[in-house]
Amino acid sequence: MPGQWLPAGRAQAVSTQAGQRAMPVNNSDDNPERARRFRDAALPYLDDVYTLARHLLRNATDAEDAVQECYLRALKHFDSYRGPAMKPWLFAILRNVCRAEYARRAGSPSAAIDELPDDAEQTPLWHEAQETPETQVLRSRDASTVRRLVAALAEPFRETFVLREIQNLSYREIADVVDAPVGTVMSRLARARAMLRSAWMAEEEQPK
Amino acid sequence: MTCDEAEILLHALIDGELDAGHAREVEAHVAGCPRCAAALADYRAMSKAVAGADLRYTAPAALRQRIEASLPQARAPSRRALLRGFAMGSAVSAIAATGLFAIILRGDDEARIESEVVSAHLRSLQAGHLTDVISTDQHTVKPWFNGRLDVAPPVVDLTAQGFTLIGGRLDYVDARPIGAIVYRRRAHIINLFVAQTASTERHAARIDTIQGFNIRRWSERGLNYWAVSDIASDELAEFGEKFESTMRGSSAG
């Protein structure tokens, strides 16, 4: 159901200055000039934020709700935004929104979320591609196959992969978004690509 | 360098995150290690394939509208904003201000901006105000805007279509700097005003008439356009259509 996991935005509408004016909106945000600045700064990234939400949640309806909640929260916290890059800042907010959605899914009986083994990040990388013949070269895959392979990557590898390959963030920016050291970003990205490469090759072995 | 080290640093090499010294070390390892060389080639091919697979999504229009509607300034412009607009108009041109006043009383933000655009057009026709940079070369006019605006207004040559590019100008509309690209049709001047918009939605063109001037207004790819001229509305429509189709042609190619 759209909107059912969005209590935070509603709760925020009861704001600190509620007594000063009898308006049923969030008074701390009731400043057209501030809202205009926010709109000019944040709305141009709507497609980027929506793209990330689609890849993180893999569901169009949930992605829309998450993006709307992200912009609500971003507007609320706009005063604490110090730049320089708006896009990673929005991504970090979106990511927090998405984590709430993961938690909700995990709590529901029909949860469809990746089960990530505890040791997944510690497994040596070479275990992935060791069986691969050195001479084999990746064959090109059609776009829908690429989309499916990327969607099949487990969190948090898909997240890092999408931030790098689709959103073109630097390692430093990714580290800020996912709140992890750059070294972790590097190992997740290496692992994401190694997993994708294995899946890519396995795909080739299946008869069409 | 060992394969274990290279396996991580290969990616930093692909992503342009390595300094020159480390990049050389990784490249040296790859040159002597067929397994790492194969991995590097595969990862590069994968990155290319992912980039070509169009994994980007466009936010649905309904979502954009919901978010825009939740922002406070979606309401009518404040009285203060209107007065500011009026003060600016009156300072600029008494004639324009008269028109501006009538339109402001309607409280319509868009009409106010259109009226300011007409004022700017009138202003530009006064001696010596038409162009800040005079050139029939789009590659001279476009870079001139760099650093003067927070957007790069598209400058296209429409000489072959009967509209001669004569230059560019920095103008002020809605109390903000705006790019104006100036074209000529026979003896008539067309000012094409370009400003950034927060919305990346495409708005189909609309033609209005204010104070005897025709305005063709449209939006595309995060930019608002107003073409203003005293040429007939069908000629102005033709100008807009040719501009739009040339823009589409240049971005597709």
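Summary of the structure given here. (Residues numbered from 1 in each chain as written. Chains lettered and ligands numbered in written order. Predicted model: local features only at pLDDT ≥ 70, side-chain atom pairs only at ≥ 80, totals over all residues.)

1. Quick word on the overall build of chain A
The number of helices and strands found in chain A is ten helices and zero strands. Taken from N to C terminus, the helices and strands of chain A fall in the order α-α-α-α-α-α-α-α-α-α. Scored against the burial criterion, the 208 residues of chain A give a buried share of 37%. Within chain A, contacts between residues separated by at least 24 positions form 65% of all contacts whose residues are at least 6 apart in sequence. (Helix = DSSP H or I, 4+ residues; strand = E, 2+ residues; numbered from the N terminus. Buried ≥ 20, exposed ≤ 12 C-beta atoms within 10 Å, placed from the backbone. Contact = placed C-beta atoms within 7 Å.)

2. Looking at the sheet that holds strand E2 (residues 164-173) of chain B
Residues and elements named next belong to chain B. With antiparallel pairing, seven strands are arranged side by side in an open sheet as E1-E2-E3-E4-E7-E6-E5. Strands at the two margins of the open sheet, each flanked by one partner only, are strand E1 (133-134) and strand E5 (203-210). When E2 meets strand E3 (residues 176-185), the two strands line up antiparallel, connected through nine bridges. Bridged to Arg169 within E3 is Ala180. (Pairing = 2+ DSSP bridges.)

3. Considering the packing of helix H4 (residues 60-76) of chain A against helix H4 (residues 61-69) of chain B
At a minimum axis distance of 10 Å, the contact between H4 of chain A and H4 of chain B shows a crossing angle of 25°. When the interaxial angle is binned, H4 of chain A and H4 of chain B end up roughly parallel. Judged by the twist between their axes, the crossing of H4 of chain A over H4 of chain B is right-handed. Mapping the contact onto sequence places Glu64, Val67, Gln68 and Tyr71 of chain A in H4 of chain A and Leu63, Arg66 and Ile67 of chain B in H4 of chain B. Its residues placed into classes, the contact of H4 of chain A with H4 of chain B shows four nonpolar, one polar and two charged. (Axes fitted to C-alpha atoms, helices over the stretch in contact; angles between N-to-C directions. Parallel < 35°, antiparallel > 145°, perpendicular 65-115°, else oblique. Left-handed = near helix turned anticlockwise from the far one by under 90°. Nonpolar A, V, L, I, M, F, W, Y, C, P; charged D, E, K, R; others polar.)

4. What about the interface of chain A and chain B?
Listed per partner, the contact involves 46 residues of chain A and 39 residues of chain B. Elements with a minimum of two residues in the side of chain A that touches chain B: helix H2 (32-42), helix H3 (46-57), H4, helix H6 (126-129), helix H7 (143-151), helix H8 (157-165) and helix H10 (182-205) of chain A. For the side of chain A that touches chain B, the leading source of residues is H10 of chain A, giving eight residues. Considering only residue class, the side of chain A that touches chain B consists of 25 nonpolar, six polar and 15 charged.

5. Re the pairing of E2 of chain B
Pairing analysis gives two bridges linking E1 of chain B to E2 of chain B, with the strands arranged antiparallel. Bridging across to E2 of chain B, Val133 of chain B finds its partner in Gly168 of chain B.

6. Description of the environment of Phe38 of chain A
Residues and elements named next belong to chain A. With respect to the secondary-structure elements, Phe38 resides in helix H2. Using a count of 24 C-beta atoms within 10 Å as the deciding quantity, one classes Phe38 as buried. Distance from Phe38 to Ala74, taken between C-alpha atoms, is 8.6 Å for residues 36 residues apart in sequence.

7. Thoughts on the nonpolar core
The nonpolar side chains of a soluble globular protein tend to be buried with one another. Formed by 65 residues in total, the largest nonpolar core has its most connected members in Val49, Ala53, Ala66, Val67, Cys70, Leu90 and Leu94 of chain A. Of the residues forming this core, the biggest block, nine residues, is contributed by H10 of chain A. Non-local contacts of Ala66 of chain A, meaning those with residues more than four positions away in its chain, are made with Ala53, Leu57, Leu94, Val97, Cys98 and Glu101 of chain A. Formed by 31 residues, the second largest nonpolar core is a distinct cluster that contains Phe163, Val173, Ala195 and Leu236 of chain B. (Core = buried A, V, L, I, M, F, W, Y, C linked by C-beta atoms within 7 Å.)

Any functional reading would require information that these geometric values do not contain.
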